[in-house]
Amino acid sequence: AGEDRRKELLPLLARAYEGQKDYARAVEVYERLHALDRNDPNVLLSLGVACVRASRYDRAKEVLVSLTQARPGDGVALRHLGYCLLMLGETDQAMQAYHKAIAIDGNDWEAYRGLGVACMLKAHRSNDDRWQEQAVRHWRRSLLIQPDQPKRQVLEKLIREHSKQLNPLQG
């Protein structure tokens, strides 16, 4: 009965820490929860996301890779893995994760936004304008899907700065 009680209370505690933006503590709680049930994919996803938010990218990558191997159709996990890989400087792998997430859900505006960031990083590293054009295209698609997304103005500014067209936001 004690283990069942912990399985009920630990997620509440973890979410409380997340609400306070104390992601390090949330990670600790999710790790305890994961130890109780190694096969719960929802706990793995929550642990992976908390690790990303706590800037523990190596652990997040390990958790999210494991989750995407167990559930290859989990677009949310793939999107978070993409972000994690970007933060680790693994741009090509991040692009693959974002592409897979988009293949699963063609309306995943966050995956399009992240893919745009990955393309822009690749453009800067390779001095290849084609990657910059791809970035702008993905960002426009993200805005088309979700016009009221957080930090929309930042994205619109990036599109204007990097677009080669006369009316950049139209695409």
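Residues numbered from 1 in each chain as written. Predicted model: local features only at pLDDT ≥ 70, side-chain atom pairs only at ≥ 80, totals over all residues. Heavy atoms only, no water.

Q: Looking at this structure, how should I read the overall build of the chain?
A: Secondary structure summary: the chain contains nine helices and zero strands in total. Its C-alpha atoms give the chain principal-axis dimensions of about 65 × 30 × 25 Å. Looking at the chain alone, contacts between residues at least 24 apart form 45% of all its contacts between residues at least 6 apart. Roughly 9700 Å² of accessible area belongs to the chain as shown, and the carbon and sulfur atoms make up 48% of that amount. Side-chain charges in the chain split into 27 positive and 23 negative, and the spacing between the mean points of these groups amounts to 3 Å. (Helix = DSSP H or I, 4+ residues; strand = E, 2+ residues; numbered from the N terminus. Contact = heavy atoms within 4.5 Å. Areas by Shrake-Rupley, 256 points an atom, 1.4 Å probe, with all protein chains shown as cover. Lys, Arg positive; Asp, Glu negative; His and termini not counted. Charge placed at Lys NZ, Arg CZ, Asp CG, Glu CD.)

Q: Sorry, what's going on with the pattern of salt bridges here?
A: Here the idea is simple: oppositely charged side chains can pair when their charged atoms come close. Counting across every chain of the model gives 12 salt bridges. Note that Arg-25 and Asp-22 form a salt bridge whose closest N and O atoms lie 3.3 Å from each other. Residue classification places Arg-25 among the partly exposed residues on the basis of a relative accessible area of 43%. Look at Asp-22 and you get partly exposed, because its relative accessible area is 22%. Across the pair Glu-90 and Lys-61 runs a salt bridge whose closest N-O atoms are separated by 3.1 Å. Residue Glu-90 is found in the loop between helix H5 (75–87) and helix H6 (91–104), and its partner Lys-61 is found in helix H4 (residues 57–70); the two are separated by 29 residues along the sequence. Beyond isolated ion pairs, a larger network of salt bridges with shared partners links Glu-31, Arg-59 and Glu-62. (Salt bridge = Lys/Arg side-chain N within 4 Å of Asp/Glu carboxyl O. Buried < 20%, exposed > 50% of the residue type's maximum accessible area, 1.4 Å probe, protein only.)

Q: Looking at this structure, I do not really get the confidence of the model for the chain. What am I missing?
A: Detail in the predicted coordinates should be disregarded across regions flagged by low pLDDT. For the chain, mean pLDDT is 93; residues scoring 70 or higher make up 95% of the total. At the level of individual helices and strands, the chain shows its lowest average pLDDT in helix H1 (residues 2–19), which scores 90, and its highest in H6, which scores 98. (pLDDT = per-residue confidence, 0-100.)

Q: For this particular structure, what's the right way to read unusual backbone geometry?
A: Backbone phi values are negative for most residues with the exception of glycine, while trans is the configuration of most peptide bonds. Here Lys-21, not a glycine, exhibits a phi torsion of approximately 60°, which is positive. For Lys-21, the position within the fold is in the loop between H1 and helix H2 (23–36). The residue Ser-55 is not glycine, and still its phi comes out positive at about 60°. As for its position among the elements, Ser-55 is in the loop between helix H3 (41–53) and H4.

Q: What's the story with the packing of helix H7 (residues 109–126) against helix H8 (residues 129–145) in this structure? I'm lost.
A: Between two packed helices, both the angle of their axes relative to each other and the distance between the axes serve to describe the pair. H8 packs onto H7 with a crossing angle of 165° between their chain directions and a minimal axis gap of 7 Å. One element, H7, and the other, H8, form an angle in the roughly antiparallel class. For the crossing formed where H7 meets H8, the hand is left-handed. For the pair formed by H7 and H8, the contact residues are Trp-109, Tyr-112, Arg-113, Leu-115, Gly-116, Val-117, Cys-119, Met-120, Lys-122, Ala-123 and Ser-126 on the first element and Trp-131, Gln-132, Gln-134, Ala-135, His-138, Trp-139, Arg-141, Ser-142 and Ile-145 on the second. Here the contact of H7 with H8 is composed, by residue class, of 11 nonpolar, six polar and three charged. (Axes fitted to C-alpha atoms, helices over the stretch in contact; angles between N-to-C directions. Parallel < 35°, antiparallel > 145°, perpendicular 65-115°, else oblique. Left-handed = near helix turned anticlockwise from the far one by under 90°. Nonpolar A, V, L, I, M, F, W, Y, C, P; charged D, E, K, R; others polar.)

Q: When you look at H3 in this model, what are you seeing that I'm missing?
A: Structural remark: α-helix, 3.6 residues per turn; residues separated by three or four positions point the same way. An ideal rise of 1.5 Å per residue puts 18 Å on 13 residues; H3 measures up with 18 Å between its terminal C-alpha atoms. Three or more residues of H3 are buried, namely Val-43, Leu-44, Leu-45, Leu-47, Gly-48, Val-49, Ala-50, Cys-51 and Val-52. Looking at the buried side of H3, the elements it contacts are H1, H2, H4 and H5. Two residues or fewer past H3, Ser-55 is found with a positive phi of approximately 60°. (Expected span 1.5 Å × (residues − 1).)

Q: Looking at this model, I keep getting lost on the side chain of Glu-18. Mind explaining?
A: Inspection of the secondary structure puts Glu-18 in helix H1. Among all residues touching Glu-18, those that are not within four sequence positions of it are Tyr-23, Ala-26, Tyr-30, Ala-50 and Arg-53.

Q: Would you explain H1 in this entry?
A: The first and last C-alpha atoms of H1 sit 26 Å apart over 18 residues, in line with the 26 Å expected at 1.5 Å per residue. Taken as a whole, H1 carries its principal kink of about 25° at Leu-9; the proline Pro-11 stands between one and four residues after it. Those residues of H1 lying buried are Leu-10, Pro-11, Ala-14, Tyr-17 and Glu-18. Close packing links the buried residues of H1 with H2 and H3. Positive phi shows up at Lys-21, right after H1, with a value of about 60°. (Bend = angle between axes of the 7 residues up to and from the residue.)

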